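Below, each chain spelled out in residue letters.
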Amino acid sequence: MSFLNNIIVSAVQLMPKSVVGFFSRKYIAGESLDSAVSLVKDLNAKGIYTTLDVLGESVTNEEEATRAFHNAMKVFDSIVEHNLQANLSIKPTQLGLSFDEQFACDQIRKLVKRASEIDNFVRIDMEDSPYTDATINIYKTIFENYSNVGIVLQAYLKRSYNDTVILNKIGTNYRICKGIYVEPASRAYKDKQMIRDNFLKMLESMFKNGNYVGIATHDEYLIDNAYRMIKELNIPNDKFEFQMLLGVREDLRNKINNDGYKIRVYVPFGEDWYAYSIRRLQENPQIAGYIFQNIFSFKK
Ligand code: FDA
C-alpha cells in the first residue's frame, strides 16, 4: 500500500460519523433485523446463502452481552419465520469474552443449542490475537456436545497452520480468511504473498483431512487456486463453500454462483455499525480516497 493510501486509511477514523455511514451503506444491511431479512430474501432468490451478524463487539459488561445474546436469538426466530437460507455469525467479545470467558462460552453454547433445535449453525468469528486461544477453547468445549458450530482461522497469523493441524483432528467446520485486525509482526505475516501462501497451505491441509471449509476471500489469486485445489484433490461440493462480505466484489460472487459453487454472503446489520464500517473503508483506500478528496479538497 502506498504512503498516500496509508494516510487515507488513518484519515478514515477522523471522518464525521455521518460521512462514514453514507459510504458504508453498501457493506451493511441496515440497522434493523427486518432490513436484514429483506436483503437475505433477495440474495436467497439468486441462489446465494447468507450468514447474519448482529453488529457489535468488545462489550464490557454482562448487561450489554446479554442484550447481544437476545438479539442473536431473534435472528433464529426470523430464519424460521421467513424460511431463510441463513445461519449466524457471532463475535465472542460481543458475548462477553473480554471480561469473562466462561460467561461468553455459556452464552455461545445457548446459541448453538438453539441453532441445533432448528437445524441451523453458528460460526464463531475470530477477533484479534489476544482472544485466539480463548476462542479456540470455547469452540472446542462447545463442539464436545454440538456439531453445528464452526470456527474461523486467519492466514496472517503465524500460529494458524499449527491450529489447523490440531483442529483437523476433531473434524472442524472452518472459515478460512486472511485476517483483518492490526497485529504485531511477531505474530502475523505482513507480506501479501506470504499470507496467501499460508492460506493455501492451511486450505490444503483442511481439505486433505476431510474438513468442511468456508473459503472467505475476494482475492482472485486465492479463488483461482482454491478452484484448482478442489479439482486436483477431487473435493466434493458438499465439503466447501465460498464466502464473501456484503457489498464487496459482487461480480466475482456472481461468477462463483454461476460456476455452480455454493456461495455465502456475510450480512452484517444493527445499530453498532460504526467499527465494522471503519474496517471496511480502511480495506478500500479507493473509496476512502474519494471521501478524503471531497472532505479535505485534497488532490491526489
Ligand atoms: P484482499 O484484501 O487482498 O482483497 C481482494 C480484493 O477484494 C481487493 O483487491 C478489492 O478488489 C476487493 N476488496 C476487498 N475488501 C474490499 C472492500 N472493503 N471494499 C471493496 N473492495 C474490497 N477477518 C477476521 O479477522 N475474522 C473473521 O472472522 C473474518 N470473517 C470474515 C468473513 C467473510 C465471509 C469474509 C469474506 C471475510 C472475513 N474476514 C474476517 C475478513 C478477512 O480477514 C479479510 O480482511 C477480507 O476478506 C479482505 O481480504 P481478501 O482475502 O478479500 O483479500
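Since the model is a prediction, treat every value here as computed from it, not as a measurement. (Residues numbered from 1 in each chain as written. Predicted model: local features only at pLDDT ≥ 70, side-chain atom pairs only at ≥ 80, totals over all residues. Heavy atoms only, no water.)

Before going further, it helps to spend a moment on the overall build of the chain. If you tally the helices and strands in the chain, you get 12 helices and eight strands. Principal-axis analysis of the C-alpha atoms gives the chain an extent of 55 × 45 × 40 Å. The buried share among the 300 residues of the chain stands at 54%. Of all intrachain contacts in the chain linking residues separated by at least 6 positions in sequence, the fraction that spans at least 24 positions is 74%. (Helix = DSSP H or I, 4+ residues; strand = E, 2+ residues; numbered from the N terminus. Buried < 20%, exposed > 50% of the residue type's maximum accessible area, 1.4 Å probe, protein only. Contact = heavy atoms within 4.5 Å.)

In this section: the packing of aromatic side chains. This structure, assessed with the given rule, holds nine aromatic pairs. Considering the side-chain rings of Y227 and Y261, the 4.8 Å spacing of their centres and the 75° angle between planes classify their relative orientation as edge-to-face. Of this pair, Y227 sits in helix 9 (residues 220-232) while Y261 is found in the loop between helix 10 (250-258) and strand 8 (263-269), placing the two residues 34 residues apart along the sequence. As far as the burial class goes, Y227 and Y261 line up, both buried. Three or more aromatic residues link up through ring pairs in this structure, and these residues are F207, Y227, F240, F242 and Y261. Over the ring of F69 we find K110, and its NZ or CZ is 4.9 Å from the ring centre. The ring of Y49 carries the charged tip of K262 above its face, separated from the ring centre by 4.3 Å. (Phe/Tyr/Trp six-rings, centres within 6.5 Å; stacked < 30°, edge-to-face > 60°. Lys NZ or Arg CZ within 6 Å of the ring centre and 35° of its normal.)

Let's shift gears to the pattern of salt bridges. Overall, the coordinates contain 18 salt bridges when judged by the stated rule. Measuring nitrogen to oxygen at the nearest pair gives 2.9 Å for the salt bridge that ties K208 to E204. In this pair, K208 and E204 are both assigned in helix 8 (residues 192-208), four residues apart and thus about one turn of the helix distant. K208 gets classed as exposed once you look at its relative accessible area, which sits at 56%. Salt bridges sharing common partners tie together D53, K91, D125 and R175. (Salt bridge = Lys/Arg side-chain N within 4 Å of Asp/Glu carboxyl O.)

Tracing the chain through its elements places D53 in strand 1 (residues 49-54). A polar contact is formed between the side chain of D53 and the side chain of Y266, at a distance of 3.2 Å. Ignoring any residue separated from it by four or fewer positions in sequence, one finds D53 in contact with S89, K91, Y266, V267, P268 and F269. (Polar contact = N/O pair within 3.5 Å; in protein donor to acceptor, adjacent residues only side chain to side chain.)

For the chain, the domain assignment lists domain 1 (1-28 + 270-300) and domain 2 (49-185 + 209-269). Here the C-alpha centre of domain 2 lies 25 Å away from the C-alpha centre of domain 1. Contact residues are listed per partner, giving 11 residues for domain 1 and 13 residues for domain 2. Summing both partners gives a buried area of about 1,100 Å² for domain 1 against domain 2, and 62% of it is carried by carbon and sulfur. Contact with domain 2 buries area across many residues of domain 1, yet G270, Y276 and R279 alone supply 47% of it, more than any other trio. Our count for the contact surface shared by domain 1 and domain 2 stands at one residue pair in polar contact (both at pLDDT 80 or more). For the side of domain 1 that touches domain 2, the residue count by class is five nonpolar, one polar and five charged. (Domains from an automatic or database assignment. Buried area = accessible area lost by both parts, 1.4 Å probe. Nonpolar A, V, L, I, M, F, W, Y, C, P; charged D, E, K, R; others polar.)

What follows is about the site of the ligand. Near the ligand there are 24 residues, and of these Y27, M126, G179, T217 and H218 occur at the shortest range. The separation between an oxygen atom of the ligand and a polar side-chain atom of K178 is 2.8 Å. Summarising the interface, the protein chains cover 83% of the accessible area of the ligand, which totals 940 Å² for the free molecule. The set of elements that each furnish at least two residues to the shell around the ligand consists of strand 4 (149-154), strand 5 (173-177), strand 7 (240-245) and helix 11 (274-283). Residue contributions to the shell around the ligand peak at three residues, all from strand 7. When grouped by side-chain class, the residues that make up the shell around the ligand number 11 nonpolar, six polar and seven charged. (Near = heavy atom within 4 Å. Areas by Shrake-Rupley, 256 points an atom, 1.4 Å probe, with all protein chains shown as cover.)

A word on the confidence of the model for the chain. Mean pLDDT for the chain: 91, with 92% of residues reaching 70 or above. Residue range residues 294-300 is modelled with pLDDT below 50. Its contacts to residues more than four positions away, or to other chains, number nine contacts. (pLDDT = per-residue confidence, 0-100.)

On the basis of which strands lie adjacent, the closed barrel formed by eight strands has the order 1-2-3-4-5-6-7-8 and parallel pairing. Across the sheet, the mean angle from the axis of one strand to that of its neighbour is 30°, orientation sign disregarded. Two strands pair when backbone bridges link them, and strand 5 and strand 6 (residues 212-216) are joined in this way by four bridges, in the parallel orientation. Bridge pairing links R175 to G214 in strand 6. (Pairing = 2+ DSSP bridges. Axes fitted to C-alpha atoms, helices over the stretch in contact; angles between N-to-C directions.)

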